[in-house]
Amino acid sequence: MPPCAKIEYCKAHGYPPPRFFDVLDDSGSGDREAAQTTAVRYKVWVVLGSERLELPTTYAGVDEGEEKMARKVLRHLRSRDSGEAQQE
């Protein structure tokens, strides 16, 4: 999927552009020594208008998380749009 496919889909179907956010996942890092040996993970979510879309999954890198979230959001929007078209 080209990086701008989600933005183009949003423009073509009247959705606001998606905004991606990320934060370092610190769950389970209460033990300082264990936290140093654990790989860094990120939580990534998308805001589309007033809707926040997120998954409980964490990612090794922000780029990986954004790419996977973008695919899921695009799939979600396409299925929602096809469902609305069938109801009409």
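The coordinates are above.
Residues numbered from 1 in each chain as written. Predicted model: local features only at pLDDT ≥ 70, side-chain atom pairs only at ≥ 80, totals over all residues. Heavy atoms only, no water.

## Digging into the pairing of strand E3 (residues 51-54)
Sheet topology note: the strand E2 (residues 42-48)/E3 ladder contains 4 bridges and is antiparallel. From the neighbouring strand, Val 46 faces E3, where its bridge partner is Leu 53. Turn length for the E2-E3 hairpin, with the two strands adjacent in sequence and antiparallel, is 2 residues, and the turn residue Gly 49 shows positive phi of about 70 degrees. (Pairing = 2+ DSSP bridges. Helix = DSSP H or I, 4+ residues; strand = E, 2+ residues; numbered from the N terminus.)

## Brief notes about the side chain of Asp 81
Relative to the helices and strands, Asp 81 resides in helix H3 (residues 62-87). As a buried residue without a salt bridge, Asp 81 has its nearest oppositely charged side chain in Arg 80, at a separation of 4.9 Å. Sequence-distant contacts of Asp 81, that is, excluding residues within four places in its chain, are made with Tyr 9, His 13 and Tyr 15. (Buried < 20%, exposed > 50% of the residue type's maximum accessible area, 1.4 Å probe, protein only. Lys, Arg positive; Asp, Glu negative; His and termini not counted. Salt bridge = Lys/Arg side-chain N within 4 Å of Asp/Glu carboxyl O. Contact = heavy atoms within 4.5 Å.)

## Considerations on the nonpolar core
The nonpolar side chains of a soluble globular protein tend to be buried with one another. Core analysis: the biggest nonpolar cluster contains 12 residues, these being Tyr 9, Cys 10, Tyr 15, Val 44, Val 46, Leu 48, Leu 53, Tyr 59, Met 69, Val 73, Leu 74 and Leu 77. When contributions to this core are tallied by element, the ones reaching two or more residues are helix H1 (5-12), E2 and H3. Setting aside residues no more than four positions away along its own chain, Val 44 makes contact with Phe 20, Phe 21, Asp 22, Glu 54, Tyr 59, Val 62, Gly 65, Glu 66 and Met 69. (Core = buried A, V, L, I, M, F, W, Y, C linked by side-chain atoms within 4.5 Å.)

## Some words on H1
One turn of the α-helix equals 3.6 residues, which is why residues spaced by three or four share an orientation. Listing the buried residues of H1 in full gives Lys 6, Tyr 9 and Cys 10. All buried residues of H1 lie within an arc of 100 degrees about the axis, which places them on one face of the element. Set apart from the buried face of H1 by more than 90 degrees, the exposed residues are Lys 11 and Ala 12. Once H1 ends, the next one or two residues include Gly 14, with phi positive near 80 degrees. (Arc of directions from axis to C-beta.)

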